[in-house]
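In case you want the letters, here they are:
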Amino acid sequence: MRRSNPEKRFKLIVTIALLCLSVIFIMPLYWTAVFSTRTLGDVFNFPPPLWFGTNFDENYARVAEVFPPWRPVMNSLIVAVPKTVGLVLVSALAGYGFARYTRAPGHRFLLLMAFATLFFPPTLALIPFFLQMSWMGWLNTFWPLIIPALASGFGVIWMYTYIGSTVPRELYEAAEMDGSRGLATFFFVVLPIIRPGLAALGVWTLIQTWSEFQLPLVILGDGSKFTVPLALTSLSRNYFSDTPAVMVATLLGLIPVFILFALLSRQFVAGLTAGAVK
Amino acid sequence: MAPVTKRKRTDRSFYLSIAPFFAIFIAFSLFPVVFSVYLGFNDWDGFSPPRFVGLDNYAEAVGDPVFRKAIGNTIWLWIVTTGSTVALALVLAVLVDEYVLFGRNYFRMVFLLPLLVAPAIAAILMRVFFTSNGGLVNLLAGSVAGEPVYFDWLNSQFWVKPLVALLVIWRWTGWHMIIFLAGLQSIPRDLYEAARVDGVGRWSIFSRITVPLLLPALAFSVMTSTLGGLQMFDEPFVLTAGTGGTNNSATTLGMYLYATAFTNFDFGLGAAVSWYIFMAIVAVSVLYRLIQKRLDMGAS
Amino acid sequence: MARIELESVTKTFGGTQVIHGLDLAIEEGEFCVFVGPSGCGKSTLLRMIAGLEDISGGEIRIDGDRVNEDPAVERQLAMVFQSYALYPHMSVEQNMSFALRRTGTPKAEAREKVRRAAETLQLTEYLDRKPGQLSGGQRQRVAIGRAIVREPRAFLFDEPLSNLDAELRVQMRFEIAKLHQQLSATMIYVTHDQVEAMTLADKIVVLRKGRIEQVGPPARLYGDPDNLFVAGFIGSPQMNFVAVTAEADGLRLPDGSLVASPVPLDRLASGRRYTLGIRPEHLSTEGAGERLSLEVDVSENLGAANIIYGLMSGGTRVLVEDRSGRPISSGERIEVRYERTRSFLFDAEGARIRG
């Protein structure tokens, strides 16, 4: 028992140190929330306010004078929701194809191609993609942010791995004996079984899309079409000194992903690790 | 009618199921990439007819001191962010996995929260907290110094890159930590117990057992971080309000590319820069592969 | 119910032939078991009949019609898989009615069929449960129920009991036998377990390396095997094999003693080597007949029988299932006897030499 004491003290020190570090990590987010409820004067005083104020409505009103605060959130939703649903479906379908029909000619090669797309840097296609969109008349629309993104090598490889490890081969055969064809098996048998995987990929995609900056910056010119990061960037550039107002807008832009995370954090974490284990 | 074998039916299902992915990929990813090969050899502003210039764009980029500076900045940011993020995440993961008395689930989640904040938004927050006049950091510094501090962090040539790195570390540490935690979970517990029974110390357990067995997860982490690091754009762009900072001290290759294409409308030069970035990624990937093979051989 | 015929059926996987021209007929209502060691091609053969694998050559006929190119569902066969392969997200009822719904059976009719099958299999109270909430035996019954509701022309079983524990396996084996009696349906059953084969089959097909070694009812395979492989595979404990040399007055054992041959000596070439096969249960420490002298290595008393692990001088191991009740101890030298007519003789290629 003599051993357990220093061991326990070490663990206690570690735990407290980690607690402090975690506070530092979430402090910026906490202050975002606090500042959004404070007056301009509070924010520039020392010590900084540590608790919420009552000025949120006023700050909100100042943001609303510049632009409808919920519009970027709506724009982000219009991009993120269809893209997420589509990406998850396209990826699941291809992942199912790769996981089930392993003996089809070209299987290895095509799988390798899908894998290779992971190493395709988006930067490489940015300029020609912009030109392509301009010829197609898609500039300043949401289409370029949705349709091309449906083909995600990451999603396909993820789904391939996930389906391969959750749907046993015999299940496909049982479905085949039961008279279920390829697509029907996908919809009636595979999709319901891989729901957790779909959720994980979905959350990941949604968060990624919510964070996207460079592509919308290039594609969207009209301020009324701006997604959350774009709108916030332009707001903070023009009204930088009004910290509480910027914080209000930031808070609104963060709320949807935080709600999503609160609901689906388990799937999200499961999804992260699914990508790591090849 | 020729008999249709099962083989043919399943093959058809296979191609059908992967068709949507490949169709969209070819139309919107492969085509632009192929097109950018063409762009790289031409001088084009998007309006007047393109002019074939051979390798001029590639030479022009190399001749530009800003481009050379951007290479330096990018490499600096890539190495610093990858190194510190992975190291911090690894330590955190081991501590949370092994040495935490309570709140394991809390630690698992809390470091992930910054990942939910878009890089652009994180950069905005940093601008707010580090602003020279009345920013939180200067206020804190002032309270320590006893007099008001008006240090201009964001326009400091020295500080702007570390700030970008700090942003990346803040956002990504939790992600890497989760990857490592998953890797740690796959290490059999009795290995540790056996080592402890044999009287192996904490540090030796970490360096001789944990790290070697975590190599696959480490490789995945480093590779992911590298892909992001070499293409870094959002954080420095927003943090420097698109300027690249004083004297381009935070201009990355991604920002250089953006400026040539979308500010100066020199699409050919931009395409050439994008190929340089691509080559860098390929080079680093090959390097990793070689190192990994070395390590694998060393292990067996 | 259907008659299934295989005519010079072959299967090639990427250049390697795994089934070598099989001919076989499975009669209407017959319970036919494919048995053999792993890798013998028994599962592949079953899957070819099911329509889950293409047929590389030859022809498979159901009730006289060629089905080589028919999709699995059109062959109207039902299969029970080793892992049960139940749809984990569907209730027992949905699992059992899935095939009916896919093929357009009206809902009321499907319900009724499921209800009847569930009654037969005592699954009525579990109809609303998910497979995850059932025990292994119940899951296997659902898998069988799923096959029954389709009223297939034949049932195919692919090692259906190997995921169950020993006790349950015996019980389910009994239930499958009962089901066969009730439905008098054609059934093809794949297993590596010769006990299952012996207890269930009307007809056993012994396979090895993609070839049929012998086809016949269980009793014939046990009492009159065609070759060394079948003799060794059927029966438990395994048949003893002793290398012998034919001589003018009998068979010379490795220890130098002589025993009588089960076949006339004029059918053997003097001086050639043969293999003598004797089942452990036909050896006894009492009675009359041919004599083997053994040194007892280990003896296990199971109550009804004494399992003696004997060693013939010369190194050949001989297993004896002795029911004499006589106490035996290790290291003891004993003599065991058997009837000449109950032994088998095989030539160097393993083919049986009959009298």
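- Per an unreviewed UniProt entry, the recorded name for chain A is Sugar transport permease BglB, and the organism is Oceanicola granulosus.
- Taken verbatim from the UniProt record of chain A, the Sequence similarities (unreviewed entry) comment is "Belongs to the binding-protein-dependent transport system permease family."

## Thoughts on the interface of chain A and chain B
Alright, step 1. Contacts between the two partners involve 96 residues from chain A and, on the opposite side, 94 residues from chain B.
Alright, step 2. Together chain A and chain B conceal approximately 8500 Å² of surface at their shared face, both sides included; 82% is due to carbon and sulfur atoms.
Alright, step 3. Together, A:F25, A:L124 and A:I127 form the three largest contributors to the area buried by chain A at its contact with chain B, with a combined 9%.
Alright, step 4. The interface formed by chain A and chain B holds zero salt bridges in total.
Alright, step 5. Counting the contacts that link chain A with chain B gives seven residue pairs in polar contact (both at pLDDT 80 or more).
Alright, step 6. For the side of chain A that touches chain B, the element with the highest residue contribution is helix α1 (residues 4–35) of chain A, accounting for 18 residues.
Alright, step 7. Residues of the side of chain A that touches chain B, tallied by class, amount to 68 nonpolar, 21 polar and seven charged.

## So, the interface of chain C and chain B
Alright, step 1. With seven residues of chain C in contact, the opposing surface of chain B contributes six residues.
Alright, step 2. Summed over both partners, the interface of chain C with chain B buries about 480 Å², with 52% contributed by carbon and sulfur atoms.
Alright, step 3. On the chain C side of the contact with chain B, C:D54, C:E69 and C:P71 bury the most area, a combined 79% of that side's loss.
Alright, step 4. If you look at where chain C meets chain B, you find zero salt bridges.
Alright, step 5. A per-class count over the side of chain C that touches chain B returns two nonpolar, one polar and four charged.

## Focus on the UniProt feature "transmembrane region" (unreviewed entry) in chain A
Residue and element names in this part refer to chain A.
Alright, step 1. If you check UniProt for "transmembrane region" (unreviewed entry), the listed places come out as residues 12–31, 77–98, 110–130, 142–163, 183–207 and 245–264 in our numbering.
Alright, step 2. For residues 12–31, the end-to-end C-alpha separation is 28 Å, with 100% helix and 0% strand making up the annotated structure.
Alright, step 3. End C-alpha atoms of residues 142–163 are separated by 31 Å, and the span's content is 68% helix alongside 0% strand.

## As for the pairing of strand β17 (residues 317–322) of chain C
Residues and elements named next belong to chain C.
Alright, step 1. Burial of β17 is extensive: five of the six residues sit out of reach of the surface.
Alright, step 2. Here strand β16 (residues 306–311) runs beside β17; their pairing, made up of six bridges, is antiparallel. Of the residues in β17, the one forming a bridge with G310 is V318.
Alright, step 3. Taking the residues that link successive antiparallel strands as the turn, the β16-β17 hairpin has five residues, and the phi of G314 there is positive, at about 115°.

## Focus: the nonpolar core
Alright, step 1. Counting 215 residues, the largest nonpolar core has A:I194 and C:F34 as its most contacted members.
Alright, step 2. Judged by nonpolar contacts, the second largest core, of 45 residues, contains C:L121, C:V142, C:V149 and C:I204.

## Looking at the sheet that holds strand β10 (residues 211–216) of chain C
Residue and element names in this part refer to chain C.
Alright, step 1. The strand order across the open sheet built from six strands is β6-β7-β8-β3-β9-β10, with neighbouring strands paired in mixed fashion. Lying at the two open borders of the sheet, with one neighbouring strand each, are β6 (77–80) and β10. Each neighbouring strand pair of the sheet contributes to a mean axis angle of 20°, computed without reference to strand direction.
Alright, step 2. In terms of strand pairing, strand β7 (residues 154–158) meets strand β8 (residues 186–191) through five bridges, oriented parallel. Note that in β8 the partner of F157 across the bridge is Y189.
Alright, step 3. Sitting on the sheet, helix α5 (residues 166–183) touches β3 (31–35), β7 and β8, and the angle it makes with β8 is about 160°.

## Quick notes on the side chain of B:S29
Alright, step 1. Looking at where B:S29 falls in the secondary structure, it is placed in helix α1 (residues 6–40).
Alright, step 2. With sequence-adjacent residues up to four places away left out, B:S29 is seen in contact with A:F120 and B:I24.

## So, the pairing of β16(C)
All names here are of chain C.
Alright, step 1. Across six bridges, the pairing between strand β15 (residues 290–301) and β16 is antiparallel. In the strand pairing of β16, N301 is matched with N306.
Alright, step 2. Following β15, the chain reverses through four residues before pairing antiparallel with β16; G303 in that reversal takes a positive phi of roughly 95°.

## Some thoughts on the pattern of salt bridges
Residues and elements named next belong to chain C.
Alright, step 1. This structure, assessed with the given rule, holds 40 salt bridges over all chains.
Alright, step 2. Here R115 ties to E112 by a salt bridge, and the two come within 2.9 Å at their closest N and O atoms. Remark: E112 and R115 occur in helix α3 (residues 107–120); sequence separation between them is three residues, near one turn of the helix.
Alright, step 3. Residue classification places R115 among the partly exposed positions, given a relative accessible area of 36%.

The rules we used
Starting from 1, residues in each chain are numbered consecutively following that chain's sequence as written. As they are written, the chains are lettered A onward and the ligands numbered 1 onward, keeping that order. Since the coordinates come from a predicted model, pLDDT governs what is reported: local features require at least 70, and pairs of side-chain atoms require 80 or more to be given and counted, while whole-chain, interface and lining totals use all residues. Only hydrogens and water are set aside; all other atoms, that is, all heavy atoms of the structure, feed into the side-chain values. UniProt positions are given in the numbering used here, feature names are shortened, and annotations may be inferred rather than shown by experiment. In what follows, a contact means two residues having at least one pair of non-hydrogen atoms within 4.5 Å. Buried area adds together the accessible area that both of two parts lose upon being put together, with accessible area traced by a 1.4 Å probe. Only one rule defines a salt bridge in this text: a Lys or Arg side-chain nitrogen within 4 Å of an Asp or Glu carboxyl oxygen. Any pair of nitrogen or oxygen atoms within 3.5 Å is treated as a polar contact; in protein, a donor-acceptor pairing is required on top of that, and neighbouring residues in sequence qualify only through side-chain atoms on both sides. In this text, helices come from DSSP runs of H or I with a minimum length of four residues, and strands from runs of E with a minimum of two, each type numbered from the N-terminal end. In the scheme used here, Gly and all other residues not listed as nonpolar or charged are polar, with Ala, Val, Leu, Ile, Met, Phe, Trp, Tyr, Cys and Pro taken as nonpolar and Asp, Glu, Lys and Arg as charged. Partly exposed residues are those whose accessible area sits between 20% and 50% of the maximum for their type, while under 20% is buried and over 50% is exposed, using a 1.4 Å probe and protein chains only. Two strands form a pair only when DSSP identifies at least two bridges running between them. Put simply, a nonpolar core is a bunch of buried Ala, Val, Leu, Ile, Met, Phe, Trp, Tyr and Cys residues held in one set by side-chain atoms that sit within 4.5 Å of each other. Lines are fitted to the C-alpha atoms to define the axes, a helix being fitted only along its stretch in contact, and any angle between axes, read from their N-to-C directions, falls within 0 to 180 degrees.

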